[in-house]
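As a plain string of letters, each chain reads:
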Amino acid sequence: MTSSPSVSTATGGLRSPAGVACAAEQLVKVYGTGDAQVTAVDGLSVAVAAGAFTAIMGPSGSGKSTLMHCLAGLDQATSGRVLLGDTDLTALSDRELTRVRRDRIGFVFQSFNLLPALTAEQNIVLPLELAGRRVDRAALERIVATLGLADRLRHRPAELSGGQQQRVAVARALVTDPEVIFADEPTGALDIRSGHALLATLRGAVREQGRTVVMVTHDPVAASYADRVLLLADGRVAGDLDRPSTDDILATLRPLDA
Ligand SMILES: Nc1ncnc2c1ncn2[C@@H]1O[C@H](COP(=O)(O)OP(=O)(O)OP(=O)(O)O)[C@@H](O)[C@H]1O
């Protein structure tokens with residue numbers, strides 16, 4: 001199966017950028033040199049729809065993290081283009097890329113990545129402070145209320161459960177109102193209940209607030225929260241599922257894992 005022609009083109013041309021939050025065009029990422037050379041992403045083209053929840057799945061080593069890191073401007077492409085809106089990230093200087101990551105992208109990592117010395121609230125508003133932006137108290141209160149964190153704001157990460165810490169990380173990703181939120185195994189360190197609550201929150205952010213979320217996951221149940229599941233194998237798109245069930249995902253993954 002190849003990627004859906006309505007959202008990506010095999011030739012890498014994005015004819016209609018409207019509604020596309022970010023895209024890879026003929027993206028190649030090679031690590032190392034000589035015998036140690038690994039092609040992690042192999043000429044992949046995909047467009048991620050704005051206002052949608054996209055999951056990226058695939059066997060270990062299929063290039064999921066590499067693709068996400070390139071889309072998020074955390075890793076440099078070897079060739080091809082990476083677009084965030086109309087901005088070609090591959091054409092930016094390091095300084096410009098840092099600014100794009102800070103101002104236009106939100107991140108949620110498996111390991112929460114909260115600063116232990118700061119309270120939950122200080123962690124949440126940190127990206128705004130780093131960018132020299134004003135904290136919009138009303139927007140902050142809305143995000144905090146949606147995530148059920150209102151009575152936890154003065155606590156430090158060590159005083160919070162894993163699920164609460166990850167909700168703080170999601171609040172931190174939402175607070176700058178980024179164009180895309182990238183989540184790397186966001187439920188990997190959570191128990192099942194907290195994991196489902198977090199996924200429901202991410203899905204709510206997409207459905208109710210029109211946010212765009214791209215999530216790498218190994219978990220077919222987590223991926224079933226997404227509007228679209230991209231399956232990678234050997235650095236290429238090997239499947240592209242529209243609102244799949246967990247069973248659909250398992251059936252498509254099985255031959256790739258073999
Ligand atoms: N910094 C690096 N240096 C060298 N090789 C790398 C580097 N990062 C990734 N790779 C290689 O690139 C390939 C794709 O890795 P990547 O982490 O993107 O896969 P993945 O699908 O996210 O895997 P996993 O599910 O195990 O996290 C793998 O063969 C990996 O060993």
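A quick note: this is a predicted structure, and the numbers were derived from the prediction, not measured.

**Overview of the overall build of the protein**
A count of helical and extended segments in the protein gives 8 helices and 10 strands. For the protein, the C-alpha radius of gyration of 18 Å lies close to 18 Å, the compact-globule estimate for 258 residues. Dimensions of the protein, computed from C-alpha atoms along their principal axes, come out at roughly 50 × 45 × 40 Å. Here the protein holds 258 residues, and the buried ones make up 42% of them. Within the protein, contacts between residues separated by at least 24 positions form 70% of all contacts whose residues are at least 6 apart in sequence.

**Description of the sheet that holds strand S9 (residues 228-233)**
The strand order across the open sheet formed by 6 strands is S6-S7-S8-S3-S9-S10, and the pairing between neighbours is mixed. Each edge of the sheet is formed by a strand with only one pairing partner; in this case those strands are strand S6 (105-109) and strand S10 (236-242). On average, each strand axis in the sheet is inclined to that of its neighbour by 20 degrees, with strand direction left out of account. Lying over the sheet, helix H1 (residues 64-71) contacts strand S3 (53-57), strand S7 (180-184), strand S8 (213-216) and S9, oriented at roughly 150 degrees with respect to S8.

**Here's the deal with unusual backbone geometry**
Negative phi values dominate among residues other than glycine, just as trans dominates among peptide bonds. We note that Gln26 has phi near 50 degrees; this positive angle belongs to a residue other than glycine. For Gln26, the position within the fold is in strand S1 (residues 20-31). In the Ramachandran plot, Glu185 falls in the positive-phi region, its phi being about 50 degrees despite a non-glycine side chain. Positionally, Glu185 belongs in the loop between S7 and helix H6 (192-209).

**Here we look at the UniProt feature "domain: ABC transporter" (unreviewed entry) in the protein**
UniProt's entry tags residues 25-253 with the feature "domain: ABC transporter" (unreviewed entry), counted in the numbering of this structure. In this annotation, residues 25-253 is assigned 36% helix and 26% strand; the end-to-end C-alpha distance for the span is 24 Å.

**A closer look at H6**
With 18 residues, H6 should cover 26 Å at 1.5 Å per step; its first-to-last C-alpha distance of 25 Å lies within 8% of that length. Within H6 the residues assigned to the buried category are Gly195, Leu198, Leu199, Thr201, Leu202, Ala205 and Val206. Buried residues belonging to H6 abut S3, helix H5 (162-174), S7, S8 and helix H7 (220-223). Phi for Gly210, located one or two positions after H6, is positive at around 70 degrees.

**A short note on the site of the ligand**
Taken together, the neighbourhood of the ligand is formed by Tyr31, Gly32, Val38, Ala40, Gly58, Ser60, Gly61, Ser62, Gly63, Lys64, Ser65 and Thr66. Per element, the largest residue contribution to the shell around the ligand is 3 residues, and it comes from H1. When grouped by side-chain class, the residues that make up the shell around the ligand number 3 nonpolar, 8 polar and 1 charged.

**A few points about the confidence of the model for the protein**
Detailed conclusions should not be drawn from predicted coordinates in areas where pLDDT is low. Overall, the predicted model of the protein reaches an average pLDDT of 91, with 93% of residues at or above 70. Across residues 1-17, where pLDDT falls below 50, the model places 25 contacts with residues more than four positions away in sequence or in other chains. Scoring of the predicted complex yields 0.90 for pTM and 0.98 for ipTM.

**A word on the pairing of S10**
The element S10 is largely enclosed, with a buried count of 5 among its 7 residues. As paired strands, S9 and S10 are joined by 6 bridges and run antiparallel to one another. Looking at the pairing, Arg228 lines up with Asp242 of S10. In sequence, S9 turns back onto S10 through a hairpin of 2 residues, with Asp234 there showing a positive phi of about 50 degrees.

What counts and how
- Residues numbered from 1 in each chain as written.
- Predicted model: local features only at pLDDT ≥ 70, side-chain atom pairs only at ≥ 80, totals over all residues.
- Helix = DSSP H or I, 4+ residues; strand = E, 2+ residues; numbered from the N terminus.
- Rg over C-alpha atoms; globule rule 2.2 N^0.38 Å.
- Buried ≥ 20, exposed ≤ 12 C-beta atoms within 10 Å, placed from the backbone.
- Contact = placed C-beta atoms within 7 Å.
- Pairing = 2+ DSSP bridges.
- Axes fitted to C-alpha atoms, helices over the stretch in contact; angles between N-to-C directions.
- UniProt positions renumbered as here; feature names shortened; annotations may be inferred.
- Expected span 1.5 Å × (residues − 1).
- Near = placed C-beta within 6 Å.
- Nonpolar A, V, L, I, M, F, W, Y, C, P; charged D, E, K, R; others polar.
- pLDDT = per-residue confidence, 0-100.

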